[in-house]
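This is what each chain is made of:
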Amino acid sequence: MSYFDNADKELKVDSMFKRSQGKKKLSTINYKERVFVLTPKQLQYYEGTPQKRGKMKGTVDLIKVKVVEAVDDNAFDKQYCFQVVYQEYTLYIIANNEEQQSEWIYAIQEECRKNKTLLSYYHPGAFIGNQWTCCHNTDKQAMGCQKTFVNTVSNSQVFLDKPLPPLPPTPLENEGLNVVALYSFQGIESGDLSFSKGDEFTILISEGEHWCLARDRNGQKGYIPVNYVREKGGLDTECWYFGDIMRHVAEDKLIKEQKEGTFLVRNSSKDGLMTLSLLHAGVVKHYHIKQDENKFYKISPRHCFPTIPELIEYHKLNSGGLVTRLRQPPSSDTNPPTVGLGHGKWEIDRSEINLGHEIGNGQFGRVCKGWWRGTTEVAVKMMKPNSMSEDDFIEEAKVMQHFHHPNLVQLYGVCSQTPIYIITEFVPNGCLLTFLRKQRSQKLSVLCEIVFHVASAMAYLESKNFIHRDLAARNCLVGMNLVVKVCDFGLSRFVIDDEYTASEGTKFPIKWAAPEVIMYNRFSSKSDIWAYGILMWEVFSGGMSPYASYGNPQVVSYIMSGKRLKKPESCRSGIYTIMKDCWLECPDHRPSFGIVIRRLKSLLGEDYADAFD
Ligand code: UM4
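Here is a short report on the structure shown in this document. (Residues numbered from 1 in each chain as written. Predicted model: local features only at pLDDT ≥ 70, side-chain atom pairs only at ≥ 80, totals over all residues. Heavy atoms only, no water.)

Structural notes on the pattern of salt bridges
- Tallied over the entire structure, the rule returns 19 salt bridges.
- Note that Asp139 and Arg230 form a salt bridge whose closest N and O atoms lie 2.6 Å from each other. Taken together, the positions of Asp139 in the loop between strand S10 (131–132) and strand S11 (146–147) and Arg230 in strand S16 (residues 229–231) put the pair 91 residues apart, joining distant regions of the chain.
- The exposure class assigned to Arg230 is buried, which follows from its relative accessible area of 18%.
- Linking Glu251 and Arg247 is a salt bridge whose minimum nitrogen-to-oxygen distance equals 3.6 Å. One end of the pair, Glu251, and the other, Arg247, are both in helix H3 (residues 247–257), four residues apart, so they sit about a helical turn from each other.
- The exposure class of Glu251 is partly exposed, given its relative accessible area of 22%. (Salt bridge = Lys/Arg side-chain N within 4 Å of Asp/Glu carboxyl O. Helix = DSSP H or I, 4+ residues; strand = E, 2+ residues; numbered from the N terminus. Buried < 20%, exposed > 50% of the residue type's maximum accessible area, 1.4 Å probe, protein only.)

What follows is the structure, given as structure tokens:
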């Protein structure tokens, strides 16, 4: 029999459940019973039963499959789930029992063994509420956190007399992975590897979460910042792909360029596919990139391509139905901050900091703009001597330095001798509260984006069981492209000033404090949620002061009698409902940040559909 005779042979047929694929990000998730059929070339699924098969509902070409693995039971609270990752999608299938789950994983893996695009790392969890349930990484495209092929010792060996070989000394996560640089990087410390955008590396050892030892194509070895590279092969390495940015951010980016034909591709949240945004005659046009029945990509019906890069290359040469042909992506933004100023570096040499002008003077001391080694722009927070318990702070700050999230201010390090300097990334548009007050009557979509950014940062802290304790608009900064960064997390614990730390104190931020904090000093992620509700109110009221004219005792009796802040004028009722849930008396009844994110997303889909597409 020839290969072609075999292509349609049905290798395996079973009824299982398919989880809706979340291609439409805002659609509700459901599970549908389908008949799954495995052939040498395709995984197909149909309506009906194995005996009476109905209409074909979809197919996955096995040649495009990158991963076939089980999914953790707790990811969707379903047992016996497995995943088939192909192109940029993941098909989740729920088997009826463990045997069926492993048989199917094995059978599909067998058919895909020779695929060139197979990945060696995958996520055993799912991407829910803006993060992976397995590793809590908030980057959807982040490389997997678990190796797909585990060279396990067979059970029988356990009973052998000979001791097993020792475990490898370092965790070899992601070892051997090929990655591409998204940005150029100038090595900072000895041992760091300098590189240019587009350079390729093999990861040798992952050291912690943020730096890894890598080898470039000239054989040079050194440390590289993990957030500067992406696994080879994905759209992330394309200079025109901007991922999850919103419509108006894309428009701002393109209009700023003032160059005909500037374009970018972004994820379109409304339908889970992608959108091409293109500047023509000073106006931005948005095109949905659709897929035809063969899963080929197209913008205009007559020009279909197997991959998005091929589609882009075609439209660079021919307008093919677009208002103009694609010319260049927007010039790239400045590089993102690395975690620390060099691998393993936390103590910063004071003589390497050049101080610039003062940008503020607050509770803890002065904040100045500065440069590290003359080149890296930084902010320097100079702590007033005797204003904080310094030793405890230095210890805890070492932990906080490892936090890395686009919506958290990045800590670079400290000069730990008195006066302590805290060195962070410099965030160019200053304090969120000032921003809100200066630019009242912001578009609703911008305000939604602000609270979304804050919720994302807080969900990250929540996932690390870290409590902020002083969340408020005054403690957030506004960066490039209106990206909001949450600051001063955990700092209040080290302040030596009873007026600030005791709830009876005059400087205690009582208007942001949950009842259990006021009464019993009981802080938790749920007291952070209360403060988040107040921050939402600040945002939607254009930076007004909550409980404007009330002093601390009046605020306490107002809250304790069950009264709450009123709905800001321009705020939609759905947004106000989220705020009010953040202010539920019982901490356990308040939502988590993960839930707030989900609710914001679904609200944005209904009320402000154009905010996300
Ligand atoms: N970039 C630009 C301006 C900054 C920054 N900045 C301002 N403050 C900071 C302005 N990074 C100050 C004046 C007011 N303002 C903003 C800034 C710098 C460092 C830290 C926090 C900062 O701002 C917060 C919002 C007030 C900082 O070190 N934070 C920190 N957070 C958590 C943990 C830790 C440190 C550590 F681990 F180190 F302990 C205006 C007007 C006035 O725009």
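So, the packing of helix H10 (residues 525–540) against helix H12 (residues 573–582)
- The N-to-C vectors of H10 and H12 enclose an angle of 150°; their axes lie 7 Å apart at closest approach. H12 is crossed by H10, and the crossing has left-handed handedness. In contact with Ile529, Trp530, Tyr532, Gly533, Met536, Trp537 and Phe540 of H10, H12 contributes Ile575, Ile578, Met579 and Cys582.
- For the contact of H10 with H12, the per-class residue count stands at 10 nonpolar, one polar and no charged. (Axes fitted to C-alpha atoms, helices over the stretch in contact; angles between N-to-C directions. Left-handed = near helix turned anticlockwise from the far one by under 90°. Contact = heavy atoms within 4.5 Å. Nonpolar A, V, L, I, M, F, W, Y, C, P; charged D, E, K, R; others polar.)

So, the packing of aromatic side chains
- This structure, assessed with the given rule, holds 18 aromatic pairs.
- Residues Tyr86 and Tyr89 carry aromatic rings whose centres are separated by 5.8 Å and whose planes lie at 55° to one another, so their mutual orientation is tilted.
- Seen from their ring centres, Phe185 and Tyr228 are 5.7 Å apart, and the 75° between their planes marks the pair as edge-to-face. On the criterion of sequence distance, the pair formed by Phe185 in the loop between strand S12 (178–181) and strand S13 (200–207) and Tyr228 in the loop between strand S15 (221–225) and S16 is long-range, its members being 43 residues apart. Take Phe185 and Tyr228: they sit in the same class, and that class is buried.
- By the ring-pair criterion, three or more aromatic residues cluster together here, those being Tyr183, Phe185, Phe195, Phe201, Trp211 and Tyr228.
- Seen from the ring of Phe76, Arg19 lies directly overhead, with NZ or CZ sitting 3.8 Å from the centre. (Phe/Tyr/Trp six-rings, centres within 6.5 Å; stacked < 30°, edge-to-face > 60°. Lys NZ or Arg CZ within 6 Å of the ring centre and 35° of its normal.)

Some thoughts on the nonpolar core
- Residues Phe393, Leu432, Tyr532 and Leu600 are the most contacted members of the largest nonpolar core, which totals 82 residues.
- For this core, the element with the highest residue contribution is helix H7 (residues 444–463), accounting for 13 residues.
- Formed by 40 residues, the second largest nonpolar core is a distinct cluster that contains Tyr86, Ile93, Leu235 and Leu278. (Core = buried A, V, L, I, M, F, W, Y, C linked by side-chain atoms within 4.5 Å.)

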